Amino acid sequence: MSKTQDELKRAVAEAARDHVAENLPAGAILGVGTGSTANFFIDALATIRDRLGGAVASSEATRARLVAQAIPVLELNEVVERDLPLPIYVDGADEIDAGLAMIKGGGGALTREKIVAAVADTFVCVCDASKRVAVLGSFPLPVEVIPMARAHVARELAKLGGTPKLRAGDLTDNGNLILDVHGLVIADPVRLEVTINQIAGVVANGLFAQRGADLLLLAGHAGVQRHAR
């Protein structure tokens, strides 16, 4: 029997919870992403909250959901300054390819997600099978930009072959704008990630290729599969 997308998301969230239970040292800090699959994961974490030393949230929405599940939330600066390990970061993706490079940021939290992922030892991506693609780019690539640079960045992104559109009425947790770039075929995600980051006014872009996932948990109708880089 086929499963709904929410059922697939719940299944992969529970698989990620089990992975954390088996691999996160007791009392360690966990990085937690943003989005619908991450929300299922946070809810599943409630069953193992007592073995967590706390969590680092990649957005204000994630922080609120963690608090609602009585999971302590720590600031990333505190974790780094106290030299506390962040062994695992769990987050979803809007698209992911065979090399475990991703497009992220549909929920607008790409910059904070990228920062937490950079600190974590292991990035575990949780997705349903619809997110697996041969080539990235069907999902519009989010780019977070400083408001005064919107027009300049849009013009530079158009030179790269995409069609940037302002995500109207949606500011990031950092107070910035998001341009969603449509029509890209991303054959070399690492190169494009670097190129876009060099545009003046770009805060971050939604390509997670330089620091891709280390492990993909992919939910399909036959169950959850594991793909390691």
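This report concerns the structure included in the present document. Everything numeric in this text was worked out from a predicted model, so none of it was measured.

What to know about the nonpolar core
Stage number 1. Core analysis: the biggest nonpolar cluster contains 26 residues, and Val20, Leu30, Val32, Phe41, Leu45 and Val90 have the highest contact counts within it.
Stage number 2. Mapped onto this core, the elements with two or more residues apiece are α1 (5-23), β1 (29-32), α2 (36-45), β2 (54-57), β3 (88-91), β6 (122-128) and β12 (215-220).
Stage number 3. The residues contacting valine 20, other than those within four sequence positions of it, are Leu30, Phe41, Ile48, Arg51, Leu52, Ile88 and Val90.
Stage number 4. If you look at the next biggest cluster of nonpolar residues, it comprises 22 residues, including Ala101, Leu136, Ala149 and Ile186.

Quick word on the sheet that holds strand β5 (residues 102-103)
Stage number 1. Sheet architecture is open: 3 strands sit in the order β4-β5-β11, paired in antiparallel fashion. On the outer flanks of this sheet lie β4 (95-96) and β11 (207-208), each paired with one strand and no other.

Quick notes on the side chain of glutamate 193
Stage number 1. Mapped onto the secondary structure, glutamate 193 falls in helix α7 (residues 189-197).
Stage number 2. Apart from residues lying up to four places away in sequence, glutamate 193 is in contact with Lys114, Asn205, Leu207, Phe208, Ala209 and Gln210.

Notes on the pattern of salt bridges
Stage number 1. By the definition in use, this model includes 14 salt bridges.
Stage number 2. A salt bridge links arginine 63 to glutamate 60; the nearest nitrogen and oxygen atoms lie 3.5 Å apart. Residue arginine 63 and its partner glutamate 60 are both found in helix α3 (residues 60-68); the two are separated by 3 residues, about one turn of the helix.
Stage number 3. A residue is classified by how much of its surface remains accessible, and glutamate 60, at 39% relative accessible area, is partly exposed.
Stage number 4. Two residues, arginine 63 and glutamate 75, come together in a salt bridge whose shortest N-O distance is 2.7 Å. A residue pair is termed long-range when its members are at least 10 positions apart, and arginine 63 in helix α3 and glutamate 75 in the loop between α3 and α4 (76-81) qualify at 12 residues.
Stage number 5. In this structure arginine 63 comes out as partly exposed when scored by relative accessible area, which is 25%.
Stage number 6. Among the charged side chains, a salt-bridge network with shared partners connects Glu60, Arg63, Glu75 and Arg112.

Basis of the calculations
Residues numbered from 1 in each chain as written. Predicted model: local features only at pLDDT ≥ 70, side-chain atom pairs only at ≥ 80, totals over all residues. Heavy atoms only, no water. Core = buried A, V, L, I, M, F, W, Y, C linked by side-chain atoms within 4.5 Å. Buried < 20%, exposed > 50% of the residue type's maximum accessible area, 1.4 Å probe, protein only. Helix = DSSP H or I, 4+ residues; strand = E, 2+ residues; numbered from the N terminus. Contact = heavy atoms within 4.5 Å. Pairing = 2+ DSSP bridges. Salt bridge = Lys/Arg side-chain N within 4 Å of Asp/Glu carboxyl O.

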